[in-house]
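Spelled out, the chains give:
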Amino acid sequence: MDYNRRQFISFMGKASIASLVLPQFLMSCGNTATPTKDFNKISKERLQTLKDFVLKGIPASDKDDLVLANGLDYHTIIKWGDTISDTDTFGFNNDYTCFIPFNDDDPKDGLLWVNHEYINPFFVSDFNYQQEKTKAQVDKEMYNVGGSIVRIKEKNGVWQVVQNDPHNRRITAQTDIALNWDAPIKGKTSVKGTLANCSGGITPWKTFITCEENYDGFLGETEYDKNNVESHRNSGYGWEKFYNYPPEHYGWVVEINPKDGKAQKHIAIGRFAHECCTLYELKDKRVVAYTGDDHNDEHLYKFISSKPGSLKEGTLYVADTINGKWLALDWENQPVLKAKFKNQTEVLIRAREAAKLIGATPLNRPEDIEIDPITGHIFITLTNNKPKGDLHGSILKIEETNDNFDALTFKASTYIAGGEENGFSCPDNLAFDMAGNLWITTDISGSSMNRPDKPYLTFKNNSLFVIPRLGKDAGKVIRVVSAPKDAELTGPWFSPDGKTLFLSVQHPGEQTKDLSKPTSTWPFDADNIPKPAVVAITGDLIEKMNKLNLIEG
Ligand code: FEO
Ligand code: CA
Ligand code: CA
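Fair warning: this is a prediction, and the values are worked out from it, not measured in the lab. (Residues numbered from 1 in each chain as written. Chains lettered and ligands numbered in written order. Predicted model: local features only at pLDDT ≥ 70, side-chain atom pairs only at ≥ 80, totals over all residues. Heavy atoms only, no water.)

> Hey, could you go over the coordination of the calcium ion (ligand 2) for me, with residue numbers and the actual values?
The reference angle at a metal is 109.5 degrees if four donors form a tetrahedron and 90 or 180 degrees if six donors form an octahedron. In the first shell of the calcium ion (ligand 2), the protein supplies Glu367 (OE), Glu367 (OE), Asp428 (OD) and Asp443 (OD), at 2.2 to 3.0 Å from the metal. Mapping the donors of the calcium ion (ligand 2) onto the primary sequence yields the spacing E-x60-D-x14-D. Distance-wise, the calcium ion (ligand 3) is placed 3.3 Å from the calcium ion (ligand 2), both being coordinated by Glu367. A residue pair is termed long-range when its members are at least 10 positions apart, and Asp428 in strand E27 (residues 427–432) and Asp443 in the loop between strand E28 (438–442) and strand E29 (463–467) qualify at 15 residues. Comparing Asp428 with Asp443 shows no difference in burial state: the two are buried. (Donors = N, O, S within 2.8 Å, 3.2 Å for Na, K, Ca; no water. Helix = DSSP H or I, 4+ residues; strand = E, 2+ residues; numbered from the N terminus. Buried < 20%, exposed > 50% of the residue type's maximum accessible area, 1.4 Å probe, protein only.)

> Tell me about the coordination of the calcium ion (ligand 3), and please be specific about residues and values.
The protein atoms that coordinate the calcium ion (ligand 3) are Cys198 (SG), Glu275 (OE), Glu367 (OE), Asp428 (OD) and Asp428 (OD), at distances of 2.3 to 3.2 Å. Each of the 6 donor atoms bound to the calcium ion (ligand 3) contributes to angles spanning 48 to 154°, and the resulting shape is irregular. Written as a sequence motif, the donor arrangement for the calcium ion (ligand 3) is C-x76-E-x91-E-x60-D. (Tetrahedral: all angles 85-135°; square planar, octahedral: opposite > 155°, others 65-115°.)

> Before we move on, can you summarise the sheet that holds E27 with the specific residues and values?
Pairing within the open sheet is antiparallel, and its 5 strands lie in the order E1-E30-E29-E28-E27. The open sheet has two edge strands with one neighbour each: strand E1 (67–68) and E27. Here E29 runs beside strand E30 (residues 478–482); their pairing, made up of 4 bridges, is antiparallel. Pairing of Leu464 across the sheet is with Val481, part of E30. (Pairing = 2+ DSSP bridges.)

> Can you lay out the sheet that holds strand E11 (residues 208–212) for me, pointing to particular residues and giving the numbers?
If you walk across this open sheet you meet the 6 strands as E9-E8-E15-E14-E11-E10, and the pairing is mixed. Edge positions in the sheet fall to strand E9 (190–192) and strand E10 (197–202), since each of these pairs with one other strand and no more. Neighbour-to-neighbour, the strand axes of the sheet open up by a mean angle of 35°, direction not taken into account. Across 4 bridges, strand E14 (residues 253–256) lies against strand E15 (residues 263–266) in antiparallel orientation. The partner of Glu255 across the bridge, within E15, is Gln264. (Axes fitted to C-alpha atoms, helices over the stretch in contact; angles between N-to-C directions.)

> Describe the nonpolar core, with residues and values.
Core analysis: the biggest nonpolar cluster contains 62 residues, and Ile77 and Ile152 have the highest contact counts within it. Contact partners of Ile77, with chain neighbours within four places excluded, come to Ile152, Trp159, Val161, Phe502, Val534, Val535 and Ala536. Core analysis: the second largest hydrophobic core is formed by 32 residues, Leu55, Ile58, Ala69 and Val481 among them. (Core = buried A, V, L, I, M, F, W, Y, C linked by side-chain atoms within 4.5 Å. Contact = heavy atoms within 4.5 Å.)

> Could you give me a rundown of the pairing of E10, with the residues and numbers involved?
Most of E10 is tucked away, with 6 of its 6 residues classed as buried. Here E10 pairs with E11 via 4 bridges, running antiparallel. Its bridge partner lying in E11, Ile202 is registered against Phe208.

> Just give me the short version of the packing of aromatic side chains, but keep the residues and values in it.
For the structure on display, the rule yields 22 aromatic pairs. Taking the centre distance of 5.4 Å and the plane angle of 45° together, the rings of Tyr243 and Tyr245 count as tilted. Using a relative accessible area of 12% as the deciding quantity, one classes Tyr243 as buried. Here the aromatic residues Trp80, Phe92, Phe122 and Phe123 are joined through ring pairs into a cluster of three or more. Directly above the aromatic system of Tyr143 lies the positively charged group of Arg170, at a separation of 4.8 Å from the ring centroid. The ring of Tyr224 has Arg350 sitting right over it, with the charged end atom 3.4 Å from the ring centre. (Phe/Tyr/Trp six-rings, centres within 6.5 Å; stacked < 30°, edge-to-face > 60°. Lys NZ or Arg CZ within 6 Å of the ring centre and 35° of its normal.)

Below is the structure:
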């Protein structure tokens, strides 16, 4: 027999797990799934099919189009400015997507959450950095960040927004959001809005998680000098000129109820530039949440709840990846934190400083985090760290001791490095499909892409790659989708039947300096300007990849 269990899992890492390791909520939502439960019942024919599977990728491209490998198609579900109801429109720069069907028996009708990470004033508010920004311009910008909930349905292979569905709504930088914490933050228990919503997650109780990443760009940041005296660092967007919202109200993990849009910020998971938050439910229903701080030399964190289903009661840890230890950000039990901060609330608000005081390892911009459905190992993209000479990034693998997600020790290793040898650079979002293939999007910055004076020229436009788990190409990094000019592909999310890959196309044409000469016109609508949009990628290849497991049929 050519494929035995050991070979099957070897490229992702050793494992002693014979059956699925992920909880049902991660699998039923199409996020990840298990390939098989019994490796001994595989027919020779099936193994031959898997062994013979060849995936033909596409070469790097600098074309202004969404270029797809053979066997893939796409259609646009929704784009910036599209109406979702009589009162609301879809926001700008869509990122994380998460689809939750109303009913597990019908994977073709449900609610799609989409993050709107940031705005380009040039397109959104007609601000060109020359004059003073007006309140009306700021209000436009505030409306276009946050997130959208839209009901979508698939009919005859095409996903469409159900206009005016009562679930359709916008969450913006002005929506009232409760804080899930006993103490007020800067005097408030409810705050205004969410912003910088980059990636996210899903909870075991099927609500959306959206993460506030580069929040300091909107309302600034509070900084402290060596005598602990605070001052305000101004933001790039300058919203604080009109809205005196404290920076401490942003930089959190936010949970959204899909049904009514009610939101809450989870203070216990700490405040920093959260890329994402990936949750795992333990057998006793306590929750483990992994989250990274996407900034040069920042850290990887893990929250372990002490009560079932709680994202408030528990302990936040930060990773020492050199010694393989999770270090507790616990004011009560860490003298060094007690000496510097007033209480646990302050430790959580200033988590970056607290993490450094207890010995957290600086990492190269930890971004997305996914759990391998077969091995239970945790994969974290480290996008890059240019000042440290890491231009192409890598993917970090964490193996918790004894495969226990609430372990306080682990082993860290590099799973794969970016660079010319592996054909990709600057990994950002990750997704495992139903067969355990790993999908990777890249984020080479718009100002560095396709430039002869930068080290990213050969990679051309940002892309979506897949690393097949089985077949002739197992372990290879294969480009399957190339983004339009200046764009980044984000938010990959599989529909529960494995037949659709939802994907965001973010910031096409972001290098545009003159609207009459945009660098991109994707998605090629009548306005002839670039627009961020969410697409559905379908086709034989998606279906084949999702079935590329050891189960018959
Ligand atoms: Fe918003 Fe870390 O990407
Ligand atoms: Ca990124
Ligand atoms: Ca990202």
